[in-house]
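# Results of the structural survey
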Amino acid sequence: MRRVVCPGSFDPVTNGHIDIIGRAARQYDEVVAAVLTNVNKRGLFTVEEKTAMLRECTADMGNVVISQFNGLLVDFCRDNGIGSIIRSLRSVSDFDYELQIAQMNYRLAGVETLFMTANPQYSFLSSSLVREIAQYGGDVSSLVTPNVEQRLREKYKTRGEDG
Ligand code: PNS
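Read on for a plain summary of the structure. In this text, all values refer to a predicted model and were calculated from it rather than measured experimentally.

### Details of the nonpolar core
Of all hydrophobic cores here, the largest spans 34 residues; its most connected members are Val13, Ile21, Val31, Leu54, Ile86 and Leu152. Per-element tally for this core: the top contributor is helix H1 (residues 15–25), with 5 residues. In contact with isoleucine 21, other than residues within four places in its own chain, are Cys6, Phe10, Val31, Ala33, Leu54, Thr58, Met61 and Val64. Val32, Ala34, Phe69 and Cys77 belong to the second largest nonpolar core, which has 12 residues in total.

### A look at the environment of asparagine 80
Tracing the backbone shows asparagine 80 in the loop between helix H3 (73–79) and strand S4 (84–89). Sequence separation between asparagine 80 and valine 32 is 48 residues; the distance between their C-alpha atoms is 9.6 Å. In terms of polar contacts, asparagine 80 uses its side chain to reach the backbone carbonyl oxygen of phenylalanine 76, at 2.8 Å.

### Description of the layout of surface pockets
Roughly 1,400 Å³ of internal volume is contained in the largest pocket. In this structure, the largest pocket is lined by 49 residues; those nearest its centre are Pro7, Gly8, Ser9, Phe10 and Arg87. Secondary-structure elements contributing two or more residues to the lining of the largest pocket are strand S1 (3–8), H1, S4, helix H4 (92–109), helix H5 (127–135) and helix H6 (146–159). Broken down by element, the residue count for the lining of the largest pocket peaks at 7 residues, all from H4. When its residues are assigned to classes, the lining of the largest pocket shows 21 nonpolar, 16 polar and 12 charged.

Rules behind the numbers
Residues numbered from 1 in each chain as written. Predicted model: local features only at pLDDT ≥ 70, side-chain atom pairs only at ≥ 80, totals over all residues. Heavy atoms only, no water. Core = buried A, V, L, I, M, F, W, Y, C linked by side-chain atoms within 4.5 Å. Buried < 20%, exposed > 50% of the residue type's maximum accessible area, 1.4 Å probe, protein only. Helix = DSSP H or I, 4+ residues; strand = E, 2+ residues; numbered from the N terminus. Contact = heavy atoms within 4.5 Å. Polar contact = N/O pair within 3.5 Å; in protein donor to acceptor, adjacent residues only side chain to side chain. 1 Å grid on protein atoms, 1.4 Å probe; cavity = no way out; pocket = protein on both sides within 12 Å on 5 of 7 lines; lining within 4 Å. Points joined across faces, edges and corners; volume = space filled by probe spheres on them. Nonpolar A, V, L, I, M, F, W, Y, C, P; charged D, E, K, R; others polar.

That's the geometry; what it means functionally is another story.
If you want it as structure tokens, here you go:
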């Protein structure tokens, strides 16, 4: 079984993430979208909320499973029998950062990293920009799925603009 992990913070999952997960799902038998849980800084969404949003967004992808991990990604890969990681590249600056991590992950555990170029229509897209736009009431409807848009609206209604 050819299995790969798409790891991330997913705070929240964007259309760019979904594009990558969907394309990976056409190349592999199983894609594990894994949400990082051990962030020092608390994100906007809880891990449970991030996981739920990912489930909703990938409900029509039969070979995608959603998981969570803390600690090192290579340990998650080892524990789950996963030999490769897929990471998206939007720009050269992404590559600069990702190359070092990929080489370290290979050195640590022999886990391969495969880079998938971002769909050009999402090359400017990031979760942090989505959060900022949503925080100030901007339109994110073309950047995230309706369920994520709704959760963003609820989150910022509860927290207020400064949240
Ligand atoms: O969505 P992100 O924030 O770009 O995802 C980054 C992520 C979660 C893939 C990365 O931070 C990660 O793998 N963290 C787990 C700790 C780890 O293994 N770090 C790399 C050490 S070489």
